[in-house]
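# Notes for the structure review
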Protein chains: 2
Amino acid sequence: MASLIAPLNHSPHEDAEYLQKAVKGWGTDENSIITILGRRSCSQRQEIRKAYEQKFQEDLIQRIQSEISGDFERALSRWILEAADRNAVIANEAIKKGKDYQVIVEVASVNSPEQVLAMRRAYHNRYKHSLEEDVASQTSSHLRHLLVGLVSSYRYDGNEINESLAKSEADILHEAIKNKNGDMEEAIRILCTRSKTQLLATFNKYRELHGTSITKKLLNEASNDLEKALHTTIRCINDPMKYYEKVLRKAMLGMGTDEDDVTRVIVTRAEIDLKHIKDLYYNKNSSNLDDDVAKETSGDYLNFLLALLGKQDQ
Amino acid sequence: MASLIAPLNHSPHEDAEYLQKAVKGWGTDENSIITILGRRSCSQRQEIRKAYEQKFQEDLIQRIQSEISGDFERALSRWILEAADRNAVIANEAIKKGKDYQVIVEVASVNSPEQVLAMRRAYHNRYKHSLEEDVASQTSSHLRHLLVGLVSSYRYDGNEINESLAKSEADILHEAIKNKNGDMEEAIRILCTRSKTQLLATFNKYRELHGTSITKKLLNEASNDLEKALHTTIRCINDPMKYYEKVLRKAMLGMGTDEDDVTRVIVTRAEIDLKHIKDLYYNKNSSNLDDDVAKETSGDYLNFLLALLGKQDQ
């Protein structure tokens, strides 16, 4: 369930005018920007961006980027984009950062097969390369096969389950990933090509056979990039909300905050399942996600995140 | 340029009625079927199939399959389908045959990135699996990486060329494929992820550097499946019409005929570039493709192929 609260009716032209008032001249009225854009659905934001361009002959995102900066700007710019385009930007940033494989695995594994295709199409339009091309040219060996396989995947989306396959492939995953003694290429083939429904059956069969999940105690200090990417893949397919809850928890744990992770999860999930992720977060941490975000961030960035989190009393 | 001759105007309902007369009762009027379906464009055939289903509560293809058989039935059934669905059927047949990797490479490499996606979508609908899943589970090692990479590819479709990349990647292809002494995974990465425009620049650079094409004298009696698949990949990307001309030539060469190859090329290219392929065929063989098809095949199957080849005087 979404956390975002958006009105059923809005006027994109009025919104565009208010936004222009908020950015024009000296200074910027960040509160108005948050009040409007932090309370509009994806299709409403696209209408506003179009109306703004028509009325003022400039791109709303570019204007915002010239007026504000830092984490607030990054969150707001991402937020305005429609999902496929945003995922393409997120994937490209992860590639440019290098070694940020968790994010590549995440966008390729959490989204539906059609959403992954839409991201690849948006990636072409923006970067004049294919996503798999950029991922492949930065990686090698098993890690390349896993990441390229995931971003290129177009999984079957039906609900059929093959029980005997679930058993035999749970064994293959066990030998390769847990025992580190099997055919890793076969494990990668399974994770990159089987339908999510079939993979869930395989993960369930694994728990039945071994009394524990395949990801339990899989990582340690010495884990390499491949092991971490395999771990993320299985978690993203197995239970995306649980995965996101943990990303948020780790991003705000201890000293310092990983704003990129906080922004990414809140911006990408606010219209999908962020309300459930908040509930999960409360169950795991006995504290409200909103309160923890308020402790770890500040200013307009914080106010914007709280709007996306659906906080009413702003 | 297409070889097919189709009328600008036709009545799908009248066509459906004529077809029903041709298949009803004892015996079948093959000539009428050929006269109608062998002269209709893809969208016209879809309209006819729909009109037939509405009028007679049965699927035209199923009815045809129950009335006729052999190569004529196979060609006609393929022909009625729209392209993405037909490519899915062709790919699935190649997978079921096993070792028919040339056909898998062909459908993945000749078609545009969007057409490959459409084929994958059609494959889901028909077979309740993903195409890459079925290809991957039948293959291993480099051959798997090449074939899965090709069927999963969504290449960038723009015209930008990176000249220095063309040079460095021509060297990688040379070492791996021609010298059999380089990094095969890198060669596969290049062939599966680079845009076709970039790959053409790379193949041209190769010729400039080595005075010969990369596929020249690449295969011999001892060539394995991987080498054959690499050879087909490069030829399909480099010059699909030249590739198809050779498939037809080999299919009809010497004793016996490979009807599957003849059917596939004629049915899949009749609406695209079969006229050019015919011209190429004449230039290479000093004989007409139509005449050679007439020598190698017979009966209704022949008459149908000739209709698709655009022969007027039937």
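Residues numbered from 1 in each chain as written. Chains lettered and ligands numbered in written order. Predicted model: local features only at pLDDT ≥ 70, side-chain atom pairs only at ≥ 80, totals over all residues. Heavy atoms only, no water.

### Thoughts on the overall build of chain A
Within chain A, the secondary structure is distributed over 19 helices and zero strands. In terms of principal-axis extent, the alpha carbons of chain A reach across some 65 × 45 × 35 Å. A burial count over chain A gives 54% of its 314 residues as buried. Taking as baseline every contact in chain A between residues at least 6 positions apart, the subset at least 24 positions apart corresponds to 70%. As displayed, chain A has an accessible area near 13900 Å², and 47% of this comes from carbon and sulfur atoms. (Helix = DSSP H or I, 4+ residues; strand = E, 2+ residues; numbered from the N terminus. Buried < 20%, exposed > 50% of the residue type's maximum accessible area, 1.4 Å probe, protein only. Contact = heavy atoms within 4.5 Å. Areas by Shrake-Rupley, 256 points an atom, 1.4 Å probe, with all protein chains shown as cover.)

### Focus on the interface of chain A and chain B
How big an interface is tends to be stated in terms of the accessible area lost upon association of its parts. Counting residues at the interface gives 27 residues for chain A, matched by 27 residues for chain B. Counting each side, the surface lost to burial between chain A and chain B is near 2500 Å², with a carbon and sulfur contribution of 52%. Here chain A is connected to chain B by six salt bridges. Here Arg-121 of chain A and Glu-114 of chain B are joined by a salt bridge, their closest N and O atoms 2.9 Å apart. Among the secondary structure elements, those contributing two or more residues to the side of chain A that touches chain B are helix H8 (113–127), helix H9 (131–138), helix H10 (141–151) and helix H12 (184–193) of chain A. (Buried area = accessible area lost by both parts, 1.4 Å probe. Salt bridge = Lys/Arg side-chain N within 4 Å of Asp/Glu carboxyl O.)

### Observations regarding the packing of aromatic side chains
All names here are of chain A. Enumeration over the complete set of coordinates arrives at eight aromatic pairs over all chains. On the numbers, 5.3 Å between centres and 65° between planes, the contact of Tyr-243 with Tyr-244 is edge-to-face. One exposure class covers both Tyr-243 and Tyr-244, and it is buried. The ring of Trp-79 carries Arg-45 above its face, with NZ or CZ at 3.6 Å from the centroid. (Phe/Tyr/Trp six-rings, centres within 6.5 Å; stacked < 30°, edge-to-face > 60°. Lys NZ or Arg CZ within 6 Å of the ring centre and 35° of its normal.)

### Observations concerning helix H19 (residues 299–308) of chain A
Residue and element names in this part refer to chain A. Most of H19 is tucked away: seven of the ten residues are buried. Residues of H19 that are buried in the fold lie against helix H2 (30–37), helix H5 (70–80), helix H16 (259–269), helix H17 (274–285) and helix H18 (289–296). Of the residues trailing H19, Gly-310 is marked for its positive phi of about 85°.

### Some thoughts on empty space enclosed by the protein
Scanning the model with the defined rule gives three cavities of 30 Å³ or more in all. Reported here for the largest cavity is a volume of approximately 390 Å³. Surrounding the largest cavity, 26 residues form its lining, His-145 and Val-148 of chain A together with His-145, Val-148 and Gly-149 of chain B being those nearest its centre. Put simply, the parts of the chain that give the lining of the largest cavity at least two residues each are H9, H10 and H12 of chain A together with helix H9 (131–136), helix H10 (141–152) and helix H12 (184–193) of chain B. Here the lining of the largest cavity is composed, by residue class, of eight nonpolar, ten polar and eight charged. (1 Å grid on protein atoms, 1.4 Å probe; cavity = no way out; pocket = protein on both sides within 12 Å on 5 of 7 lines; lining within 4 Å. Points joined across faces, edges and corners; volume = space filled by probe spheres on them. Nonpolar A, V, L, I, M, F, W, Y, C, P; charged D, E, K, R; others polar.)

Everything listed here is a matter of coordinates, which is why it stays silent on function.
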